[in-house]
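Overview (structure and organization)
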Amino acid sequence: RQKQISALTSPTSGLPAVRTVQRDAVFELDVPLASPPGALTLQVRLGTGFPETPPTVAVRAPPAALAGSGGGAFSHPWLDAATGAVVGCERLSARGWTPHASLARVVAEIVEELTERNPVVFRGQGFETGLQGAPPSYPSNPYTQQSRQAAWPSSGQQAGAQGGVYPDPYGLEKMSLEELEELTTDDRAFEQLLMSQPSVNELTGRRQELISSNEALARQNMGREEELENARHSLKERQNVLNELRRQYGENMQAYQNEMMRFAPDYLTSRIRAGTAESEELSESLAQSFLGGTMSIEDFLKNFRETRKVYHLRAARLERVTRDPSLLE
C-alpha cells in the first residue's frame, strides 16, 4: 500500500501534481482541459482493503466558472453520469484489477483518456440528479500522444530512482489473458519469453564464457598432473627426512640436558651433601665395629683416619658452596 502511494505521489510519476486530502486514503489532482479551457479535479480514494480491492476514482463536479450558477456535471463515456465515478477503465474493474497493478499507471491511463477526449460540461444538472440525453461530440485537445509519452514512461522504461511506474521489460501488459495463461501453464512458452530478453542472453553468454574458461583451466591442470604427482612424492620424502632429523634432535637434546644436569649448581650441591653424609655414616660404622671388638686397633686407626679426612673435606666444600653458590657457576 505505501509503495503504491509513494509511486502515485512521486514527482517522477509523470502525473500532474497529486495533493493529499486525507493521509493514505484520499488524493486529488487536476486534469487539464482544452475545451472548455480549465481543469477538472480527479479524486482517488483508497479503501481499507486496498490494494487487494481496486481504488475508487471519480471526478468532482465542475466549478461554477464552467457549469454556471445552476451547477452541472461532466459527460464522458468513462464517467458515470450520476456520480462522476470512472467506470469505463477496464483496469479498475473487479476483473481487471490485481493487487500487483500499478496505481500510478492506472491513474495515468485515466488522465490520458480524459485529456485526449475532454469531458463535456452539462449545465443545470449535477452528478446527484443525473444526466439526460445523448452525450455531445468531444472536441480535440492539443495534449498530444507524443507529449503524454514523454511525461509517462512506457512499460519497458524505468520510472526513476524515487518511484513511479513499474518497469515491464517482458511486455506482459500488452498480452492477452490467453497469452498470460499460456505462460503460466506452458514451460516452453515461458522459457522462450525469458530467453528472448537481451539481459538474459547477455547473462547466458557470460555463463558460457565462464564455463569455457573453467574447462580450459581444468585441461591445463590435468596436463600438469604428472608434475604435481612428482612434487607430491618429493615432498613426502622430504617430510620423512624432516621427521628423522626431528627425532635425532630430540634424542641429542635430551642427552645434552642430562649432561648439563651434572654441572648444575643445585645438583652439585646435593651431591656434595650426600657424599658428606655418606662419609659420616661410614665413620660411625667403623667406630661401632671397633667398640664391638670386631676390628683391630691398627685397622681402626687407619680406616677411621682416612674416612674422617674425606668427611671434613666434603663438609668444608659444602659449607663454602652453601655460603657462596656462585662458586659452582
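Residues numbered from 1 in each chain as written. Predicted model: local features only at pLDDT ≥ 70, side-chain atom pairs only at ≥ 80, totals over all residues. Heavy atoms only, no water.

**As for the overall build of the protein chain**
- Along the backbone of the protein chain there are 10 helices and 6 strands.
- Within the span of the protein chain, comprising 329 residues, buried residues form 28% of the whole.
- Accessible surface, the protein chain: about 22100 Å² in total, of which carbon and sulfur atoms supply 53%. (Helix = DSSP H or I, 4+ residues; strand = E, 2+ residues; numbered from the N terminus. Buried < 20%, exposed > 50% of the residue type's maximum accessible area, 1.4 Å probe, protein only. Areas by Shrake-Rupley, 256 points an atom, 1.4 Å probe, with all protein chains shown as cover.)

**As for the side chain of Glu28**
- As for its position among the elements, Glu28 is in strand β2 (residues 26-33).
- A polar atom in the side chain of Glu28 sits 2.8 Å from the side chain of Gln43.
- A distance of 3.1 Å separates the side chain of Glu28 from the side chain of Arg60, its partner in a polar contact.
- Not counting the four nearest positions on each side in its chain, Glu28 is found in contact with Ala17, Val18, Arg19, Val21, Thr41, Leu42, Gln43 and Arg60. (Polar contact = N/O pair within 3.5 Å; in protein donor to acceptor, adjacent residues only side chain to side chain. Contact = heavy atoms within 4.5 Å.)

**Focus: the sheet that holds strand β3 (residues 38-45)**
- Spatially, 4 strands are ordered β1-β2-β3-β4 in an open sheet, and the strand pairing comes out antiparallel. The open sheet is flanked by β1 (18-22) and β4 (56-59), the only strands paired with a single partner. Taking the axes of each pair of neighbouring strands and ignoring which way they run, one obtains an average angle of 30° across the sheet.
- Direction of pairing for β1 relative to β2: antiparallel, over a ladder of 4 bridges. Paired with Val18 across the two strands is Leu29, which belongs to β2. (Pairing = 2+ DSSP bridges. Axes fitted to C-alpha atoms, helices over the stretch in contact; angles between N-to-C directions.)

**Focus: a negative patch on the surface**
- On the surface, a cluster of negative charge is made up of Glu178, Glu179, Glu181, Glu182, Asp186, Asp187 and Glu191.
- Among the secondary structure elements, those contributing two or more residues to the negative patch are α5 (177-185) and α6 (187-195).
- Sort the elements by how many residues they give to the negative patch and α5 lands first, with 4 residues.
- Residue Glu179 is classed as partly exposed on the basis of its relative accessible area, which comes to 39%. (Patch = residues over 30% accessible without salt bridge, like charges linked within 9 Å, V, L, I, M, F, W, Y side chains within 5 Å. Salt bridge = Lys/Arg side-chain N within 4 Å of Asp/Glu carboxyl O. Lys, Arg positive; Asp, Glu negative; His and termini not counted. Charge placed at Lys NZ, Arg CZ, Asp CG, Glu CD.)

**Concerning the side chain of Gln43**
- Counting through the fold element by element, Gln43 comes out in strand β3.
- Residue classification places Gln43 among the buried positions, given a relative accessible area of 16%.
- Within the local environment of Gln43, its side chain forms a polar contact with the side chain of Arg45, the two groups lying 2.9 Å apart.
- If we ignore the near neighbours within four places in the chain, the residues touching Gln43 are Val26, Phe27, Glu28, Thr56, Val57, Ala58 and Arg60.

**Points about unusual backbone geometry**
- In this chain, Phe50 is followed by Pro51 through a cis amide linkage whose omega measures 10°.
- Mapped onto the elements of the fold, Pro51 is located in the loop between β3 and β4.
- Even without being a glycine, Asp24 presents a positive backbone phi close to 60°.
- The topology assignment puts Asp24 in the loop between β1 and β2.

**Quick word on the packing of helix α9 (residues 265-291) against helix α10 (residues 297-323)**
- Between α9 and α10, the shortest axis-to-axis distance is 8 Å and the interhelical angle comes to 155°. One way to sum up the angle between α9 and α10 is to call them roughly antiparallel. Where α9 crosses over α10, the two elements pack in a sense that is left-handed.
- Considered class by class, the residues forming the contact of α9 with α10 number 13 nonpolar, 8 polar and 6 charged. (Parallel < 35°, antiparallel > 145°, perpendicular 65-115°, else oblique. Left-handed = near helix turned anticlockwise from the far one by under 90°. Nonpolar A, V, L, I, M, F, W, Y, C, P; charged D, E, K, R; others polar.)

**Details of the pattern of salt bridges**
- Using the criterion set out here, one finds 10 salt bridges in the structure.
- Note that Glu28 is salt-bridged to Arg60, the shortest N-O span being 3.1 Å. With Glu28 in strand β2 and Arg60 in the loop between β4 and α2 (64-67), the pair connects residues that are 32 residues apart, well separated along the chain.
- Exposure remark for Glu28: the relative accessible area of 8% places this residue in the buried category.
- Ionic pairing is found between Glu229 and Arg232, a salt bridge with its closest N-O pair at 2.6 Å. Remark: Arg232 and Glu229 occur in helix α8 (residues 225-261); sequence separation between them is 3 residues, near one turn of the helix.
- Judged by its relative accessible area of 45%, Arg232 falls in the partly exposed class.

**As for the confidence of the model for the protein chain**
- On average, the protein chain scores 79 in pLDDT, and the residues at 70 or more come to 80%.
- For the stretch residues 125-166, pLDDT sits under 50, and the model shows 96 contacts to residues farther than four places along the chain or on other chains. (pLDDT = per-residue confidence, 0-100.)

**So, the nonpolar core**
- Grouped together as the largest cluster of nonpolar side chains are 31 residues, with contacts concentrated most on Leu42, Val86, Val107 and Ile110.
- Counting residues per element, the ones that place at least two in this core are α1 (2-9), β2, β3, β4 and α3 (103-116).
- Val86 has contacts with Leu42, Val57, Ala58, Trp78, Leu79, Leu92 and Ile110, leaving out every residue within four places of it along the chain. (Core = buried A, V, L, I, M, F, W, Y, C linked by side-chain atoms within 4.5 Å.)

**A closer look at a nonpolar patch on the surface**
- A cluster of nonpolar residues, Phe190, Leu194 and Met195, forms a patch on the protein surface that exposes about 250 Å² of accessible area.
- Structurally, Leu194 can be placed in helix α6.

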